[in-house]
Amino acid sequence: MTFFGFSLAMFFVPQAVIAMRGLQGSQLIRAAEEFTLLRTAAGAFGIALQAVVQFRRAPVHVLELSDQFGGRRFADLDQMTQLTDRLQEKLPAYSAAMARSQVAIFLKQEALLLGMNDAFLLGAFVFALLAAFIWFARSTHVPRLSGAQELKQLKAEELMEEP
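Think of each chain on its own: its residues are numbered from 1, step by step along the sequence as written. Reporting of local features is limited, given that this is a predicted model, to residues whose pLDDT is at least 70; pairs of side-chain atoms are given and counted only at 80 or more, and all residues count toward the totals for whole chains, interfaces and linings. Note that the side-chain values use all heavy atoms of the structure and ignore hydrogens as well as water.

Visitor: Mind showing me how you'd approach the overall build of the protein here?
Guide: The helix count covers DSSP runs of H or I at least four residues long, the strand count covers runs of E at least two residues long, and both are numbered beginning at the N terminus. Within the protein, the regular secondary structure consists of five helices and zero strands. Going residue by residue from the N terminus, the α and β elements of the protein occur as α-α-α-α-α. Principal axes of the C-alpha set define a box for the protein whose edges measure 95 × 30 × 25 Å. Within the protein, the fraction of its 163 residues that count as buried is 15%. Any two residues whose heavy atoms approach within 4.5 Å are treated as being in contact. At a minimum sequence separation of 6, the contacts of the protein that also span at least 24 residues come to 58%. For every residue, the accessible area (1.4 Å probe, protein chains only) is compared with the maximum for its type, and the residue is labelled buried under 20%, exposed over 50%, or partly exposed between those bounds.

Visitor: Teacher, can you tell me more about the environment of D85 here?
Guide: Here D85 lies in helix α3 (residues 79-90). A C-alpha to C-alpha distance of 64 Å links D85 and A31, two positions 54 residues apart in sequence.

Visitor: Can you help me understand the side chain of T84 in this one?
Guide: On the secondary structure map, T84 appears in helix α3. Residue T84 is classed as buried on the basis of its relative accessible area, which comes to 9%. With residues up to four places along the chain from it excluded, the contact list for T84 reads A99, R100 and V103.

Visitor: So what exactly am I meant to see when it comes to the nonpolar core here?
Guide: Grouped burial of nonpolar side chains is what soluble globular proteins tend to show. What we call a nonpolar core is a set of buried Ala, Val, Leu, Ile, Met, Phe, Trp, Tyr and Cys residues that are connected through their side-chain atoms within 4.5 Å. Residues L65, M80, L87, A99, V103, L107 and A111 constitute the largest nonpolar core, which totals seven residues. Among the elements of the structure, α3 and α4 (96-135) are those that each provide at least two residues to this core. Every residue in contact with V103, bar those within four places of it in the chain, is listed here: M80, L83, T84 and L87.

Visitor: What exactly am I supposed to notice about a nonpolar patch on the surface here?
Guide: Residues F45, L49, V52, L122, V126 and L130 make up a contiguous nonpolar surface patch of about 510 Å² in total accessible area. Among the elements of the structure, α2 (26-70) and α4 are those that each provide at least two residues to the nonpolar patch. Structurally, the position occupied by F45 is in helix α2. Two distance rules govern patches: like charges are joined within 9 Å, and nonpolar side chains (Val, Leu, Ile, Met, Phe, Trp, Tyr) within 5 Å, applied only to residues with over 30% relative accessible area and no salt bridge. A 1.4 Å probe and the Shrake-Rupley method give the accessible areas. Residues count as covered only by the protein chains that appear here. What makes a salt bridge here is a side-chain nitrogen of Lys or Arg within 4 Å of a carboxyl oxygen of Asp or Glu, nothing more.

Visitor: What am I meant to see in the side chain of H61 here?
Guide: Residue placement: H61 occurs in helix α2. The exposure class of H61 is buried, given its relative accessible area of 7%. Apart from the residues lying within four places of it in its own chain, the contact partners of H61 are A111, L114, G115 and D118.

Visitor: I tried to follow the packing of α3 against α4 on my own but got confused; where do I start?
Guide: Geometry of a packed helix pair, given as the angle between the helix axes and the separation of the axes. Taken N-terminus to C-terminus, the directions of α3 and α4 make an angle of 115°; their axes are 9 Å apart at the nearest point. Relative to α4, the element α3 lies roughly perpendicular. Along this stretch, α3 crosses α4, giving a crossing that reads as right-handed. Together, M80, L83, T84, L87 and Q88 of α3 and A96, A99, R100, Q102, V103 and L107 of α4 make up the contact between the two elements. Helix axes are fitted only over the stretch in contact, all axes being lines through C-alpha atoms; the angle between N-to-C directions runs from 0 to 180 degrees. Convention used here: angles under 35 degrees read as roughly parallel, angles over 145 as roughly antiparallel, angles from 65 to 115 as roughly perpendicular, and any remaining angle as oblique. In this scheme the handedness of a crossing depends on how the near helix is turned from the far one: anticlockwise by less than a right angle means left-handed, clockwise means right-handed.

Here it is as structure tokens:
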């Protein structure tokens, strides 16, 4: 999360510089306002997309975990029976059905965590793609001209404007 937050902050600074290159005065203020609005809207869209990814991936992980623990993936390895038996040993008031339902709750919680991992992985790929876009963007550095060079440029512009 710390790396993700640091990367997020370091991504928006060059993006803002690229977006507002060459603007001055009131245009710069208006562009900064519009850029902030678009960045906030994109952030809201990204958060909603991450929630969709998390909750769409959770059932997939429930099935994978159920296959793993239920012995469907490896017939010799039925951990669900061992887990429910152990839960009944620790809590004698639990029936077999209660132990299975408790294990199902554990599996759903773990599946949601794995779905969150998938959502953050998708976010990492998007940021890597956008970082490459920023990396290959044209430089915004405008070289400062000396007094003599600036005078030559002004004279050249005057000559171009003459009929």
